[in-house]
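Given next are the chains, with one letter for each unit.
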Amino acid sequence: LGTSPTETGNTTEISETPSRVTLIQDTVTQAVSLTTDGNGARFYNPEDGRFYRVLADGNIDRLGDKQFFNVENVSWGNKSDRAVLEFPDGRNVIYDFDSSRQTTLPQHWADFEFSPNDENIISKSVGLDERSRFLIVTNANGGEARAIESIGSNQDLIHSSWSPNNQIVAYSLTGNPQPDGAQQVFFVGENHENFKSLIAPGRGFIPNWSPTGKQILFSVYHERTDLKPEIWIAGGSGDDIGENRRSLKLNTWADKCVWEDETAIICGVPQSLDFGAGLAPQNFRSNPDDVYRIDLKSGIASKISTPDQIFPIRQPILPSDKSKLIFTNAVTGRLYEYEL
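Just so you know, these numbers come straight off a predicted model, no measurement behind them.

Chemist: Before we move on, could you go through the sheet that holds strand E18 (residues 183-188) and cite the residues and values that matter?
Modeler: Across the sheet, which stays open at both edges, the four strands sit in the order E16-E17-E18-E19 with antiparallel pairing between neighbours. At either margin of the open sheet sits one strand with a lone partner, and together these are strand E16 (158-160) and strand E19 (198-200). Averaged over all pairs of adjacent strands, the angle between their axes in this sheet comes to 30 degrees, without regard to strand direction. Across three bridges, E16 lies against strand E17 (residues 170-172) in antiparallel orientation. If you follow Ser160 over to E17, its bridge partner there is Ala170.

Chemist: Kindly report on the nonpolar core, identifying the contributing residues and their values.
Modeler: Judged by nonpolar contacts, the single largest core of 16 residues is most densely connected at Val185, Phe187, Leu198, Phe205 and Phe218. Elements with a contribution of two residues or more to this core: E18, E19, strand E20 (203-209), strand E21 (215-221) and strand E22 (229-235). The dominant element in this core, judged by the number of residues it contributes, is E21, at three residues. Other than its neighbours up to four places away in sequence, Phe205 contacts Tyr171, Leu173, Gln183, Val185, Leu198, Ala200, Ile216, Phe218, Ser219 and Val220. Core analysis: the second largest hydrophobic core is formed by 14 residues, Ile233, Trp259, Ile265 and Tyr292 among them.

Chemist: Just give me the short version of the layout of surface pockets, but keep the residues and values in it.
Modeler: Approximately 220 Å³ is the volume attributed to the second largest pocket. What lines the second largest pocket is a set of 15 residues, among which Glu149, Ser172, Phe186, Phe187 and Val188 lie closest to the centre. For the lining of the second largest pocket, the secondary-structure elements that each account for two or more residues are strand E15 (146-150) and E18. Looking at the lining of the second largest pocket element by element, the count peaks at three residues for E18. Residues belonging to the lining of the second largest pocket are distributed by class as follows: six nonpolar, seven polar and two charged.

Chemist: Mind laying out the sheet that holds strand E13 (residues 120-125), listing which residues take part and the relevant values?
Modeler: If you trace the four strands from one edge of the open sheet to the other, you get E12-E13-E14-E15, paired in antiparallel fashion. The strands lining the two open edges of the sheet, one partner per strand, are strand E12 (109-114) and E15. Neighbouring strand axes in the sheet, compared pairwise and without regard to direction, differ in orientation by 25 degrees on average. For E13 and strand E14 (residues 134-139), the ladder comprises six bridges, and the chain directions are antiparallel. Each bridged residue has a counterpart across the sheet, and for Ser125 the counterpart in E14 is Phe134.

Chemist: Residue-level account of the pattern of salt bridges, with values.
Modeler: Note that side chains of opposite charge can pair when their charged atoms are close. One pass over the structure, following the stated rule, counts 15 salt bridges. In this structure, the salt-bridge partner of Glu243 is Lys196, at a minimum N-O distance of 2.9 Å. Of the two residues, Glu243 is situated in the loop between E22 and strand E23 (246-247) and Lys196 in the loop between E18 and E19; the sequence distance between them amounts to 47 residues. Take Glu243: its relative accessible area is 42%, and that puts it in the partly exposed class. The partly exposed category is assigned to Lys196, whose relative accessible area is 32%. A salt bridge links Glu337 to Lys324; the shortest N-O distance between them is 3.7 Å. Highlighted residues: Glu337 in strand E30 (residues 335-339) and Lys324 in strand E29 (residues 324-329), separated in sequence by 13 residues. Lys324 gets classed as buried once you look at its relative accessible area, which sits at 13%.

What counts and how
Residues numbered from 1 in each chain as written. Predicted model: local features only at pLDDT ≥ 70, side-chain atom pairs only at ≥ 80, totals over all residues. Heavy atoms only, no water. Pairing = 2+ DSSP bridges. Helix = DSSP H or I, 4+ residues; strand = E, 2+ residues; numbered from the N terminus. Axes fitted to C-alpha atoms, helices over the stretch in contact; angles between N-to-C directions. Core = buried A, V, L, I, M, F, W, Y, C linked by side-chain atoms within 4.5 Å. Buried < 20%, exposed > 50% of the residue type's maximum accessible area, 1.4 Å probe, protein only. Contact = heavy atoms within 4.5 Å. 1 Å grid on protein atoms, 1.4 Å probe; cavity = no way out; pocket = protein on both sides within 12 Å on 5 of 7 lines; lining within 4 Å. Points joined across faces, edges and corners; volume = space filled by probe spheres on them. Nonpolar A, V, L, I, M, F, W, Y, C, P; charged D, E, K, R; others polar. Salt bridge = Lys/Arg side-chain N within 4 Å of Asp/Glu carboxyl O.

What follows is the structure, given as structure tokens:
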């Protein structure tokens, strides 16, 4: 028999039952993402201010020698070990872990995301004057900035979100009022493209692009679901934006899901949610999750977790061999893998 960890607060009890859960990192982990080769995980340890990667064999390697304390947000590159680091005092830097090169960015820039090939970065330039607030695109070193869309007073309604097929760089929740509590979501291209909008049947829109960018998974909450989040899927590219929209009938948030491929997703689904959970997701981060696999062709959702998976899942990632789900415990910050 193996051992199954049961975590309560800062303690871990071991019971003699078969386990598919393995503790990878016994300290706080933040900003978890796939490594550039797709075989492991990268993360930030706020306790020592360093960045690390988990290799395919389970060993942990330090990612550079530089220490960064009190990092608030990390936006990782997709193909390179670059990251934009945001600090509580407003400082923003781009750091290249391979070359140890650091570039300082203006403090009034925010909400960063790399392009699929890491050659460019989308962000918001939020100046004091509403007339000088724009979505901007720069090169990977923060230079050659160009404005692509005015955001005015809507900086809280517009969010960077670069799709994998390079078509869309941001989305906007500034659409026209819709019947029955729905929300019109606009998509922004790098070159002023006139994309179709998506009608999301609820509020609290959280997107999650498919690997090709042809589909978009999203979650919203609505009175029909007791204001609990529910995940939906729709077309996400060109004329297919918003097409074939359908509910996957699971109450969870889209950022607790990861794409296996274009035909399946794996999600952490809270074992229980109270009325109104969609309004305050931070109040439900300690709820343990079951793991579900959803076949998008049939619409069938299958619970694949075993009783030893009792942790609240945050920042799930799926290595390229798809043999395990790596995630952070949303309460303790410890890093785990769940054998699929």
